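Structural characterization, general
For reference, the chains in residue letters:
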Protein chains: 2
Amino acid sequence: MPTDDLDRLNAQAAKLLTAHAHRFTTARQHIVAALHEADSPLTILQLLDAGEGLVQSTTYRNLVVLEDAGVVTRVITPDDHARYELDEHLTHHHHHLICNDCGDVKDFELSDNLENKLDGELQEAGRTAGFRIERHSLDLFGTCKSCS
Amino acid sequence: MPTDDLDRLNAQAAKLLTAHAHRFTTARQHIVAALHEADSPLTILQLLDAGEGLVQSTTYRNLVVLEDAGVVTRVITPDDHARYELDEHLTHHHHHLICNDCGDVKDFELSDNLENKLDGELQEAGRTAGFRIERHSLDLFGTCKSCS
DNA sequence: GAGGAAAATCAGAATGATTCTCGATATCGT
DNA sequence: ACGATATCGAGAATCATTCTGATTTTCCTC
């Protein structure tokens, strides 16, 4: 996680927020920085701990703004704590490994070849069902090393 | 959704519950019947409406029991209403199309060929990350016909 | 670089899906 | 039929998330 990356992220985030008539305040910068340092999606609590001077109510609101602007993405997991990560447009397409026991989330990627095949069939499935597809999510559930 | 199916489901559900030291009460039968009739995952509210004489607090508790026994599965969606469907062991492996607007969920399947290739890579990804994989979920997000 | 308008912040209150409590009821094995 | 245990129902409690209202910061214009 080199600093260059954070600079690039900040520039992209600022651009996205501006395009949506929002400001890239220091609180929002701290959120982006914390998500960047973490190598996996964070719960609100983890984010509040990791980020500098983050206040709960403001952070909830800022995450809504950041998600709306396309800077962050809410990751859906079975436990009832929302998790957030930087949007794939700012990082790269990936999937999640979710531990059934501790709830922890790790990233992984498919081979380009399989990912392409998958995309083709998914578009087809969407067409058949009358859906306009925006994205897909592929998650693995199991038990992580430390929980087994 | 022929009646034969429901008979088979009831037999399987009874077996699973018994194996877990639970009873297949009429309330639980009504839940299974309602989920069987619906062709997609139901929210608690939809389930209470669809099922015969279902009480909220009892239904929540019964869904936990049924999930523990492997009769039903909780479907994870972005909106904050839990959804449930019959477990894949009692039906068949499938995936979900989720509407970003109305939250509705539809089922679809991949070709066996692709599903097998996918399984292979996913096992591999789990091994690499030190996860023991139990299942995967593949969901499509987009806009359904009635919302576009 | 001062003034004003709009956006953002903070602390605490409100919301709402889900879970828990507890007394009453139904079910199983003997 | 009897006792032990599972289940039920109604309402209270929990807790992540959202909202509120007053205050502060930021940006734009002159």
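These lines cover the structure that appears in this document, whether it is placed above or below. (Residues numbered from 1 in each chain as written. Chains lettered and ligands numbered in written order. Predicted model: local features only at pLDDT ≥ 70, side-chain atom pairs only at ≥ 80, totals over all residues. Heavy atoms only, no water.)

1. Quick look at a negative patch on the surface
The grouping of A:Asp39, A:Asp107, A:Glu109 and A:Asp112 at the surface amounts to a negative patch. A residue is classified by how much of its surface remains accessible, and A:Glu109, at 51% relative accessible area, is exposed. (Patch = residues over 30% accessible without salt bridge, like charges linked within 9 Å, V, L, I, M, F, W, Y side chains within 5 Å. Areas by Shrake-Rupley, 256 points an atom, 1.4 Å probe, with all protein chains shown as cover. Salt bridge = Lys/Arg side-chain N within 4 Å of Asp/Glu carboxyl O. Lys, Arg positive; Asp, Glu negative; His and termini not counted. Charge placed at Lys NZ, Arg CZ, Asp CG, Glu CD. Buried < 20%, exposed > 50% of the residue type's maximum accessible area, 1.4 Å probe, protein only.)

2. Section: the state of the cysteines
For the structure shown, the criterion picks out zero disulfides over all chains. The closest cysteine sulfur to the non-disulfide-bonded A:Cys144 is located on A:Cys99, 3.7 Å from its own sulfur. Given a relative accessible area of 8%, A:Cys144 falls into the buried group. Cysteine B:Cys102 remains unbridged, with the sulfur of B:Cys99 as its closest cysteine sulfur at 3.7 Å. For B:Cys102, a relative accessible area of 41% puts it in the partly exposed group. (Disulfide = S-S within 2.5 Å.)

3. Some words on the packing of aromatic side chains
What describes a pair of aromatic rings is the distance from one ring centre to the other and the angle between the planes of the rings. Taken as a whole and assessed by the stated rule, the structure comprises zero aromatic pairs over all chains. Directly above the aromatic system of B:Phe141 lies the positively charged group of A:Arg135, at a separation of 4.1 Å from the ring centroid. (Phe/Tyr/Trp six-rings, centres within 6.5 Å; stacked < 30°, edge-to-face > 60°. Lys NZ or Arg CZ within 6 Å of the ring centre and 35° of its normal.)

4. Observations concerning the sheet that holds strand β1 (residues 42–43) of chain A
All names here are of chain A. Strand order in the open sheet formed by three strands is β1-β3-β2, with antiparallel pairing between adjacent strands. The sheet is open, and its two edges are formed by β1 and β2 (72–75), each paired on a single side. Two strands pair when backbone bridges link them, and β2 and strand β3 (residues 83–86) are joined in this way by four bridges, in the antiparallel orientation. When the bridges of β3 are listed, Val72 appears paired with Leu86. Helix-sheet contacts for helix α2 (residues 26–37) involve β1, β2 and β3, and the interaxial angle to β3 is about 90°. Of the strands in this sheet, β2 and β3 touch helix α4 (residues 56–69), which is tilted by about 110° from β2. (Pairing = 2+ DSSP bridges. Helix = DSSP H or I, 4+ residues; strand = E, 2+ residues; numbered from the N terminus. Contact = heavy atoms within 4.5 Å. Axes fitted to C-alpha atoms, helices over the stretch in contact; angles between N-to-C directions.)

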